[in-house]
Amino acid sequence: MASSVNHLCTICHDDGVSNSAVTWCTECEVFFCGDCEKPHSKSRLSKNHKIMSADDYQKLPTFMKEISSQCRDHKKKFELYCSSHACPCCVQCVTDKHKKCQDIKPLSDIIQQVKSSASVQLFEKDLMNVRENLDTAIKYLKTRVSTINTQKTKAVEEIRYMRKSISDYCNKLEQSILNDLESKHSKLKSNMASLVQQMEQRASQIDLMQSQFTKMTQHATELQMYIGLREIEKITSETAKYIEDLESGDHFSEKNLEVKISSALQSILKDVELFGDININTTSSTLQIKAGRKDQAQHLVPKVPGIEQIKPNLLTTITLPEDMKSLSITACLILPDGKCMILACSKKELLLFSNDGTFIRKVVKLTEYPCDACFVRNNTVAVTFGNTHQTVLVDTEKNTLIQTIQLSHFGNGVASDGKTLVISNDSGSQCTTVNLNDMSHTILKRMEGVSRISLYKGNIYGTNYKESKVCCYKITGESLWTYQHQDINYPGGLTLDKNGYVYIASMGNSRIVVVSPDGKTSKTILSRDNGIKFPYRIDMNKETGIMIVSDHINRLESAFFVYKI
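This one's a predicted model, so the numbers in the text were calculated from it and none came from an experiment.

Asker: Would you mind going over the pattern of salt bridges with me for this structure?
Answerer: Where charged atoms from two side chains of opposite charge come close, those side chains can pair. Counting across every chain of the model gives 14 salt bridges. The partner of Lys 164 in a salt bridge is Asp 168, with the nearest N and O atoms 2.9 Å apart. Residue Lys 164 and its partner Asp 168 are both found in helix α7 (residues 118-219); the two are separated by four residues, about one turn of the helix. When its relative accessible area of 51% is taken as the criterion, Lys 164 is described as exposed. When salt bridges with common partners are traced through the structure, they connect Glu 349, Lys 362 and Lys 365 into a single cluster.

Asker: Hey, could you run me through the layout of surface pockets in this one?
Answerer: Empty space among the atoms becomes apparent when a probe as large as a water molecule is rolled across them. If you add up the space inside the second largest pocket, you get close to 1,300 Å³. Lining the second largest pocket we find 30 residues, and of these Ser 84, His 85, Pro 305, Lys 564 and Ile 565 sit closest to its centre. Here the lining of the second largest pocket is built from residues that sort into 10 nonpolar, 10 polar and 10 charged.

Asker: Would you explain helix α2 (residues 34-42) in this entry?
Answerer: Every α-helix winds through 3.6 residues per turn, so residues three or four apart in the chain are directed the same way. Buried within α2 are the following residues: Cys 36, Glu 37 and His 40. The buried residues of α2 occupy one face: seen down the axis, they fall within an arc of 100°. Counted as exposed and oriented over 90 degrees from the buried face of α2: Asp 35, Lys 38, Pro 39 and Lys 42. The inward-facing, buried residues of α2 contact α1 (10-14), β1 (23-25), β2 (30-32) and β3 (51-53).

Asker: Would you explain the sheet that holds β1 in this entry?
Answerer: By definition, the strands of a sheet pair up through backbone hydrogen bonds, in either a parallel or an antiparallel sense. Read from one edge to the other, the open sheet built from three strands follows the order β2-β1-β3, with strand pairing classed as antiparallel. The open sheet has two free edges, formed respectively by β2 and β3, since each of these has just one partner strand. Ignoring which end each strand starts from, the neighbouring axes of this sheet average 30° apart. In this sheet, β3 lies alongside β1 in antiparallel orientation, the contact comprising three bridges. Looking at the pairing, Thr 23 lines up with Ser 53 of β3. Against the sheet, α2 makes contact with β1, β2 and β3, and its axis sits at roughly 110° relative to β2, the strand it touches most.

Asker: When you look at the sheet that holds strand β25 (residues 502-506) in this model, what are you seeing that I'm missing?
Answerer: Ordered by their spatial adjacency, four strands build an open sheet running β24-β25-β26-β27, and the pairing between neighbours is antiparallel. If you trace the sheet from one side to the other, it starts and ends with β24 (491-496) and β27 (522-526), each paired once. On average, each strand axis in the sheet is inclined to that of its neighbour by 25°, with strand direction left out of account. Bridge count for β25 against strand β26 (residues 511-515) is five bridges, and the pairing is antiparallel. Opposite Ala 505, over in β26, you have Ile 512 as the bridge partner.

Asker: Would you explain the packing of aromatic side chains in this entry?
Answerer: One pair of aromatic rings is described through two measures. These are the centre distance and the angle between the planes. Inspection of every chain in the model, using the stated rule, returns seven aromatic pairs. Ring centres of Phe 561 and Tyr 563 lie 6.4 Å apart, and the angle between their planes is 45°; this geometry places the pair in the tilted category. Here the two residues Phe 561 and Tyr 563 agree in accessibility, since each one is buried. Across from the ring centre of Tyr 369, 4.3 Å away, lies the NZ or CZ of Lys 348, which sits over that ring. The ring of Tyr 536 carries the charged tip of Arg 537 above its face, separated from the ring centre by 3.8 Å.

Rules of the game
- Residues numbered from 1 in each chain as written.
- Predicted model: local features only at pLDDT ≥ 70, side-chain atom pairs only at ≥ 80, totals over all residues.
- Heavy atoms only, no water.
- Salt bridge = Lys/Arg side-chain N within 4 Å of Asp/Glu carboxyl O.
- Helix = DSSP H or I, 4+ residues; strand = E, 2+ residues; numbered from the N terminus.
- Buried < 20%, exposed > 50% of the residue type's maximum accessible area, 1.4 Å probe, protein only.
- 1 Å grid on protein atoms, 1.4 Å probe; cavity = no way out; pocket = protein on both sides within 12 Å on 5 of 7 lines; lining within 4 Å.
- Points joined across faces, edges and corners; volume = space filled by probe spheres on them.
- Nonpolar A, V, L, I, M, F, W, Y, C, P; charged D, E, K, R; others polar.
- Arc of directions from axis to C-beta.
- Contact = heavy atoms within 4.5 Å.
- Pairing = 2+ DSSP bridges.
- Axes fitted to C-alpha atoms, helices over the stretch in contact; angles between N-to-C directions.
- Phe/Tyr/Trp six-rings, centres within 6.5 Å; stacked < 30°, edge-to-face > 60°.
- Lys NZ or Arg CZ within 6 Å of the ring centre and 35° of its normal.

Below is the structure:
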């Protein structure tokens, strides 16, 4: 619904008078009242200008009101159109920014009769189709939400059923072994109790003999004493032999009850690390939407260049000062403002350079030998320390360490998209993602041998130095594609441009190689012919297309090449 804003005449307002506007000049881009519009319409310079009523102007969408016919940089009228950049230009724009652009056309040819062209109806239909597709997609996704909710409920039931089944089975095994324990204990106890009873009977007999022995010696006749002693001797001998037989017959061996838990059962505690896996299995969508026209906005939407069109232009070469030439460099970064940052491992320092290669200052002195660094967001840079299993966040403006992240593995490469931090581990399969909002960690276990990494549009890209290959993974660690080619030999660092092309520093054969977003084709864009000797690290500002490559000139010197892609 149009706003009821009452625009004032621009000319009158500049003179301090508030008169309501009745017209708007599309070329002068000012409002006129009835009196001011008359000289404007009669002037030789402006009598052919197109005007519209102030009420009609107010009906325009807000974003169209902000479209100007003049260049904001040079304050000149747009007269030309650059098809390569899909933007209108003034004469000065062509001189400053579009010298190398081949397809420059008069703007009047581009916009001639655009409102009456068939494209208007086509775009209106496109809007309707897109809206219908959105409605269809929303309905589809809501259905999918209901489906996955049902799947979750079923999964919970299955997990709990399995848990109960395991518990019931363990209870059954437990009762079985308890019954066996009770049986063996009862048998052992019964045998020992029977033996004790026998021995107690013989002990009673010996006690009786002992109690009567004194009376025998006092009152018995010699014959009685002789025969009595023979009887005592017989009973004593029989009892002694009874004890000896028991001893020799293993009746006095210590029979102890013990339990030996099944090794298979014990292994559960050691070998079973997971109850199971929760997987997201992707299948083809059943959603059906209306197909759009492929070339509907060829003059408005810039085309993504093919891999053959990627050609780097050398902007500058950064040579380190004499006192820094022997530094061991493990990372180089292009910051959003165009400045460069270098990670010097041997000195444990972050160094800042201007975009023309001039050394500015040391950013921070680190406590450990660093492995890699990446820009995170604002003024923050992340640095990995391999041996201490740590990654630190550095405020490059305040020159301070602001946070330490403790890892469960060796920290090698590091990458960030401003929301997530990913730390690789080339000595194992574990990598870690860190949510920068709440600093929660997630361990990824299927990224074997990944060294240097980059993060772009929810995917992780990594180099495998030992196997000379480049890999692409989902943010959850599942592999999307792997690429190997003879042009890629011992890859070091990697980076991506805004179109998803992957740029590889191939150390083994002195090349910079570009791999297509789908991981199917590649092209060498820099080599020894371009002065590349031992490219080690690489980084790119995706917005500007400025790329930096660190190169070991020799064992003692490093240089940095800055290109425009």
